[in-house]
Amino acid sequence: MSRYFASRAVQTIITLAVMSLVVFLLIGLMPGDPIDLMISGDPNMRSEDAARLRAAYGLDKPLLERYLTWAGEAVQGNFGYSRSFGQPVLTILWPRLLNTLLLAGSAFVLSVAIALPLGIWAAAHPRSRADYLINLFCFAGISTPPFWLALLLITLFAVFLGWLPAGGMAYPRPGTPWNIALAEQLRHLVLPVVTLTLIQLGPYTRFMRGAMIEALRQDYVRTARAKGAPERTVLWRHAFANALAPVLTILALSFGGLFSGAVITETMFAWPGMGKAIYQAILENDYNLALVGLLLATAATIAGNLLADLGYAWVDPRVSLAADQP
């Protein structure tokens, strides 16, 4: 196990280094820079002032040299300042990361809690009306564009009915009772959480249904039924325990999405999360903010892969980690 973790740690470091270089180069090759944005906003800015600002920000140096300078500072824990906000990058990203975890984490837990029972029910009653309805619902969720679903929910519940706010995040005034503040926060969470849940529900349900159908066809299930085991025991103790392994892998791989954020959903609902912050940073050529945000998403994806491997080995004792095999 120690060899496995050591090898994964080396792979993580190499992946993050390569990812940081690729992202930095891609952003640096985009037309324009922050000084050009300043010039467009202030036509009276002189060329001497623009040149002095480029030298102050290091934008007059070659792209690779600028990356090496950034990487040397990052190794020491200094990830630089955001040019858009004028604050340290981690100061900008930390509250947005918590907001994304609140939004995407709530949608993830809710979608898993609904998808697993639906998938099991559909697999236990194949070709039934319930199975057809569940499949229809799943395909509709998979095929629906997130921005269209968000617009539909906003139009219905915020514009026509007026039950819920159209977007944003609640910022209660100091001294507001906690129950009122919590209720207001939940009202702002409902529409984006429902949007993400409906989008994720289809794939998770389909994965659970497919894994359960495959498990119910195995010989050990037939043996359990032949011995007179109750159908509930066959379904949950034998089939579900073995079908959980591939589904757990898919769920663990979705872990990275909790940190990268749902760009479309956060943008549609003006939710101040990671996805919206990364998108704005790329548009504004904010190198440090975009780079660190994407690196956090990459690290979370790698952590999700590690959790998938560990979860698979934990659920199925027959699976051993490759690094520990002789």
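See the structure shown above.
One numbering rule holds for all chains: residues counted from 1, following each sequence as written. It should be noted that, the model being predicted, local features are given only for residues of pLDDT at least 70 and side-chain atom pairs only at 80 or more, the latter also being counted only at that level, while totals for whole chains, interfaces and linings use all residues. Computation of side-chain values covers all heavy atoms of the structure but excludes hydrogens and water.

When you look at the overall build of the chain in this model, what are you seeing that I'm missing?
Helix and strand assignments come from DSSP, with helices taken as H or I runs of at least 4 residues and strands as E runs of at least 2, each series counted from the N terminus. Broken down by element type, the chain carries 14 helices and 0 strands. In sequence order, the chain lays out its α and β elements as α-α-α-α-α-α-α-α-α-α-α-α-α-α. Each residue gets one of three labels from its accessible area relative to the maximum for its type: buried under 20%, exposed over 50%, partly exposed in between, using a 1.4 Å probe on protein chains only. The burial tally for the chain puts 39% of its 326 residues in the buried class. Residue pairs at least 24 apart in sequence account for 75% of intrachain contacts in the chain once pairs closer than 6 positions are excluded. Here the Shrake-Rupley method, with its probe set to 1.4 Å, supplies the accessible areas, and only the displayed protein chains count as covering residues. Per element, the accessible surface of the chain, about 18200 Å² overall, is 67% carbon and sulfur. Whether two residues are in contact is decided by their heavy atoms, any of which lying within 4.5 Å being enough.

Looking at this model, I keep getting lost on helix α13 (residues 274–283). Mind explaining?
The α-helix winds at 3.6 residues per turn, so residues separated by three or four positions along the chain end up facing the same way. Here α13 has its buried residues at Met274, Gly275, Lys276, Ala277, Ile278 and Ala281. Of the residues trailing α13, Asn285 is marked for its positive phi of about 55°.

Any chance you could explain the packing of aromatic side chains here in plain terms?
To describe a pair of aromatic rings, you give the distance between the ring centres and the angle between the ring planes. In this analysis, rings of Phe, Tyr and Trp, with Trp reduced to its six-membered ring, are considered paired at centre separations within 6.5 Å, and the interplanar angle assigns stacked below 30 degrees, edge-to-face beyond 60, and tilted for intermediate values. Taken as a whole, this structure holds 6 aromatic pairs when the rule is applied. With centroids separated by 6.5 Å and ring planes inclined at 55°, the aromatic side chains of Trp70 and Phe79 adopt a geometry described as tilted. The structure contains a cluster of three or more aromatic residues connected by ring pairs, namely Phe24, Tyr67, Trp70 and Phe79.

For this particular structure, what's the right way to read a nonpolar patch on the surface?
The patches reported here contain residues having more than 30% relative accessible area and no salt bridge. Joining distances are 9 Å for like charges and 5 Å for nonpolar side chains (Val, Leu, Ile, Met, Phe, Trp, Tyr). For salt bridges, the criterion is a side-chain nitrogen of Lys or Arg within 4 Å of an Asp or Glu carboxyl oxygen. Residues Phe147, Trp148, Leu151, Leu152, Val263, Ile264, Tyr279 and Leu283 make up a contiguous nonpolar surface patch of about 760 Å² in total accessible area. Following the sequence through the fold, Leu152 ends up in helix α7 (residues 146–160).

What is the right way to read the side chain of Ser20 from this model?
When you line up the elements, Ser20 lands in helix α1 (residues 2–28). What Ser20 contacts, discounting residues up to four positions off in sequence, is Tyr67, Trp70, Leu291 and Leu295.

Before we go on, may I ask you to explain the environment of Lys276 in this structure?
As for its placement among the helices and strands, Lys276 is situated in helix α13. Contact partners of Lys276, with chain neighbours within four places excluded, come to Glu266, Thr267, Ala270 and Trp271.

Honestly, unusual backbone geometry in this entry has me stumped. Any pointers?
Note: most residues except glycine have negative phi, and most peptide bonds are trans. Look at Arg127: it is not a glycine, yet its phi comes out positive at around 60°. Mapped onto the fold, Arg127 is located in the loop between α5 (89–124) and α6 (129–143). Look at Arg127 and you get exposed, because its relative accessible area is 70%. Positive phi, normally seen in glycine, also occurs at Ala270, with a value near 50°. Relative to the helices and strands, Ala270 is located in the loop between α12 (263–268) and α13. Under the relative-accessibility criterion, Ala270 is labelled partly exposed at 43%.

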